[in-house]
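# Coordinate analysis (summary)
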Amino acid sequence: MGMNQTELSPEVRLAAVKALYNALDFAESNFANEMERNYIMKVVCDTVVSKEVEIRQAAFECLVAIGSTYYVHLEPYMQTIFNLTANAVKGDEEPAALQAIEFWSSICDEEIELQEEYEGSDDANSTVNYRFIEKALPSLVPMLLETLLKQEEDQDQDDNVWNISMSGGTCLGLIARTVCDAIVPLVMPFVEGNITKPDWHCREAAIFAFGSILEGPSVEKLAPLVQSGLDFLLNTTKDPNSQVRDTTAWTLGRVFELLHSPASANPIITNANLPRIMNVLLESSKDVPNVAEKVCGAIYFLAQGYEDAESISSVLTPFLPNVISALLSAADRADTTHFRLRASAYEALNEIVRVSSIPETSVILGQLLQEIMRRLNLTFDLHILSSGDKEKQSDLQALLCGALQVIIQKLSSSDAKSIIAQTADQLMFLFLRVFACHSSTVHEEAMLAIGALAYATGTDFVKYMPEFFKYLEAGLQNYEEYQVCSISVGVVGDICRALEDKILPFCDGIMTVLLKDLSNSMLNRSVKPPIFSCFGDIALAIGDNFEKYLPYAMPMLQGAAELLGVLDHTDDDMVDYGNQLRRGIFEAYSGILQGIKGAKAQLMIPYAGHLLQFTEAVYKDGSRDESVTKAAVAVLGDLADTLGPSSKDLFKSNLFHVEFLRECHDLDDEVRDTASWVQGMINQALVS
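Residues numbered from 1 in each chain as written. Predicted model: local features only at pLDDT ≥ 70, side-chain atom pairs only at ≥ 80, totals over all residues. Heavy atoms only, no water.

By the naming in an unreviewed UniProt entry, the chain goes by Importin subunit beta-1/Transportin-1-like TPR repeats domain-containing protein and is assigned to Zizania palustris. What UniProt records for the chain under Subcellular location (unreviewed entry) is the sentence "Cytoplasm". In the Sequence similarities (unreviewed entry) part of its UniProt record, the chain is described as follows: "Belongs to the importin beta family. Importin beta-1 subfamily." (UniProt positions renumbered as here; feature names shortened; annotations may be inferred.)

## Observations concerning the nonpolar core
With 244 residues, the main nonpolar core has Phe-468, Phe-535, Ile-538 and Phe-546 as its most contacted residues. Apart from the residues lying within four places of it in its own chain, the contact partners of Phe-535 are Met-511, Leu-514, Leu-515, Leu-518, Phe-546, Ala-553, Ala-588 and Ile-592. (Core = buried A, V, L, I, M, F, W, Y, C linked by side-chain atoms within 4.5 Å. Buried < 20%, exposed > 50% of the residue type's maximum accessible area, 1.4 Å probe, protein only. Contact = heavy atoms within 4.5 Å.)

## Focus: helix α28 (residues 626–643)
With 18 residues, α28 extends 26 Å from end C-alpha to end C-alpha; this agrees with the ideal 26 Å at 1.5 Å per step. Burial of α28 is extensive: 14 of the 18 residues sit out of reach of the surface. Within two residues after α28, Gly-644 carries a phi angle of roughly 55 degrees, on the positive side. (Helix = DSSP H or I, 4+ residues; strand = E, 2+ residues; numbered from the N terminus. Expected span 1.5 Å × (residues − 1).)

## Let's talk about a negative patch on the surface
Judged by side-chain charge, Asp-109, Glu-113, Glu-116, Glu-117 and Glu-119 come together as a negatively charged surface patch. Tracing the sequence through the fold places Glu-117 in helix α6 (residues 94–117). (Patch = residues over 30% accessible without salt bridge, like charges linked within 9 Å, V, L, I, M, F, W, Y side chains within 5 Å. Areas by Shrake-Rupley, 256 points an atom, 1.4 Å probe, with all protein chains shown as cover. Salt bridge = Lys/Arg side-chain N within 4 Å of Asp/Glu carboxyl O. Lys, Arg positive; Asp, Glu negative; His and termini not counted. Charge placed at Lys NZ, Arg CZ, Asp CG, Glu CD.)

## Comments concerning the environment of Lys-390
Mapped onto the fold, Lys-390 is located in helix α18 (residues 387–412). Note: C-alpha distance between Lys-390 and Cys-437 (47 residues apart in sequence) is 9.2 Å.

## Digging into the packing of aromatic side chains
Evaluation of the coordinates by the stated rule reveals 18 aromatic pairs. Seen in terms of ring centroids, Phe-31 and Tyr-70 are 4.1 Å apart; in terms of plane orientation they differ by 5 degrees. Their pairing is stacked. You can see Phe-31 sitting in helix α2 (residues 28–32) and its partner Tyr-70 sitting in the loop between α4 (53–69) and α5 (78–91), a full 39 residues away along the chain. Residues Phe-31 and Tyr-70 agree in their burial class; the two are buried. What links up through ring pairs into an aromatic cluster is the set Phe-435, Phe-461, Tyr-464, Phe-468 and Tyr-471. Here Arg-525 stacks its cationic end above the ring of Tyr-577, 4.8 Å away from the centre of that ring. (Phe/Tyr/Trp six-rings, centres within 6.5 Å; stacked < 30°, edge-to-face > 60°. Lys NZ or Arg CZ within 6 Å of the ring centre and 35° of its normal.)

## Examining unusual backbone geometry
Put simply, Ile-358 and Pro-359 share a cis peptide bond, and its omega is 5 degrees. Among the structural elements, Pro-359 can be located in the loop between α16 (339–355) and α17 (362–379). Of note, Glu-500 is a non-glycine position whose phi angle comes to about 55 degrees, a positive value. The residue Glu-500 is located in the loop between α22 (482–499) and α23 (504–519) in this model. A relative accessible area of 47% means that Glu-500 is categorised as partly exposed.

## Describing the side chain of Ser-50
Structurally, Ser-50 can be placed in the loop between α3 (34–47) and α4. Side-chain polar atoms of Ser-50 contact the backbone oxygen of Thr-47, separated by 2.7 Å. (Polar contact = N/O pair within 3.5 Å; in protein donor to acceptor, adjacent residues only side chain to side chain.)

## Comments concerning α16
Spacing of three or four residues puts side chains on the same side of an α-helix, whose turn is 3.6 residues. When the terminal C-alpha atoms of α16 are compared, their 25 Å separation across 17 residues agrees well with the 24 Å that a helix rising 1.5 Å per residue should span. Most of α16 sits inside the fold, with 13 of its 17 residues counted as buried.

## Topic: the packing of α16 against α18
Packing of α16 against α18 brings their axes to within 9 Å, and their N-to-C directions diverge by 5 degrees. Of the possible angle classes, the one that applies to α16 and α18 is roughly parallel. When α16 is examined against α18, the residues Phe-339, Arg-342, Ala-343, Tyr-346, Asn-350, Val-353, Arg-354 and Val-355 are found in contact with a partner set consisting of Asp-395, Leu-396, Leu-399, Leu-400, Gly-402, Ala-403, Val-406, Ile-407 and Lys-410. Looking at side-chain class alone, the contact of α16 with α18 contains eleven nonpolar, two polar and four charged residues. (Axes fitted to C-alpha atoms, helices over the stretch in contact; angles between N-to-C directions. Parallel < 35°, antiparallel > 145°, perpendicular 65-115°, else oblique. Nonpolar A, V, L, I, M, F, W, Y, C, P; charged D, E, K, R; others polar.)

Structure below.
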């Protein structure tokens, strides 16, 4: 009643609208009843045209919530809602207009979800997709295109700005994903009509419209437009207006992210236009910081396109020295207010390294390695006077350690390993100095870089362990910043693979901390599955020396297996976590079985029955994903392989494996191959 126009006090009406908004989640029965629904919708629609902007805004917020919560009931009201939102977008004050656009964005979200959910499904019970967006398209798109012309001066300077033109462009992008090709003919006349106008607002709006509709429509529909418009976009990077240049760089990034596929029959980037594209991007990387940041993003996506096409990525090699130099200059230019430019420049640099073609670039990458090490060394001399300075030092160290990790990984996967061998001592010295600076973000990046270095140096890494171990131990005990703990667990796995049995002297310390982690109720649950996998890595590295840890590790594995029996299967997050935990448990068992195989194999007999029961329970559970299936099948093979004839009776009395292996033959090649190997192992055990 408080929302009625007869209520004179605006405060009461506003409170009433907010109360309705908060109650909408619980109004299911009201919306199911036509009379009550009609009443609620009438009151909300009447309130949308109140005198007070705050009340209009709150009423539109109710409409947005109704749109996403009660989509199925909206059809009778859509014409009225369209008229109300159109009037608000055209003429209302910004707070109300933004919510009016948000209503259509929320309808897009609903319809995109419905399309994804029921793609290829003939489920008659599925929620009806009313295709409201498709029906409103001819009026909705022109209305949104008009909003793009309402930019604010200097909005490109603030990454967090949210105004009517940003909101309109975002909604346009969602519409493109909802209706796909149908949006293109409605937007292109606007683009073509505004792109050469003298007023910068028109030029920027045209490019923003084009960039917004690149995700959704088919490549066949977009490629010809992009191919004919690419040269124009490259020229527009020289536009006198910085907002136009900013949007152009963003749009180029979108083109490269969504449409650049070197292996396709009709690629957007060719040997003919690549030199011009690279020249334009390198020149634009010197633009004002907000434009340069988008240009770095475009370089990132351009490089990423070559990730799956290694043979073709050598087309980038001639540009490598200049790209590296431009990105390092951009990173240096980033003053205190534009940390994002620096991060964007290093992300682009990392991607360029990832896709570079070895061995032809190994000399250049070796020089880059020295340069990043020099930069990391300089961070230790920064004057730290405040917590802000400390944070800046940490952020920079994190970026540099991240770059070193990528370079080490790239060089270690090839004949260029000697470059890493020559610099390993200096690298480790730098990483240990970073740890001494104490900051969790850097801990993560330096830890990951050390994992890469361990992989690259193999058993030689053992000489760093005495000094490094205290930092590893601290990382493994960092319950508060659980990401650091999780990454440290992963690095233990890297070191196990690198050192093999040379890790033995450190295993008591590592196992003690890992067992403590598992018992600690404060530790985020997501770290526990990797810890179990890590048991497997340790056992593989130290072989039957793992015997001494069996009495501690096995009860933990059995306890976790029992916990899985009581997980809530109606909660998607719990189902995901259950799958991670299962995979971790199976990986632990596989590693331990393979590690103990041989003279001490009999030690595993007491645990075999429980393992088979657990595997059968997982087999019968419909919520397991394919990675769990693969790990579960593999463990059956490891059990038969390690115990040999001793497993004969177990497999005879647990026949579920017959059906399980048969099911695997309908899955992908990798699972099929694993299943064939497992079948062979079980057969050997049964005939022994």
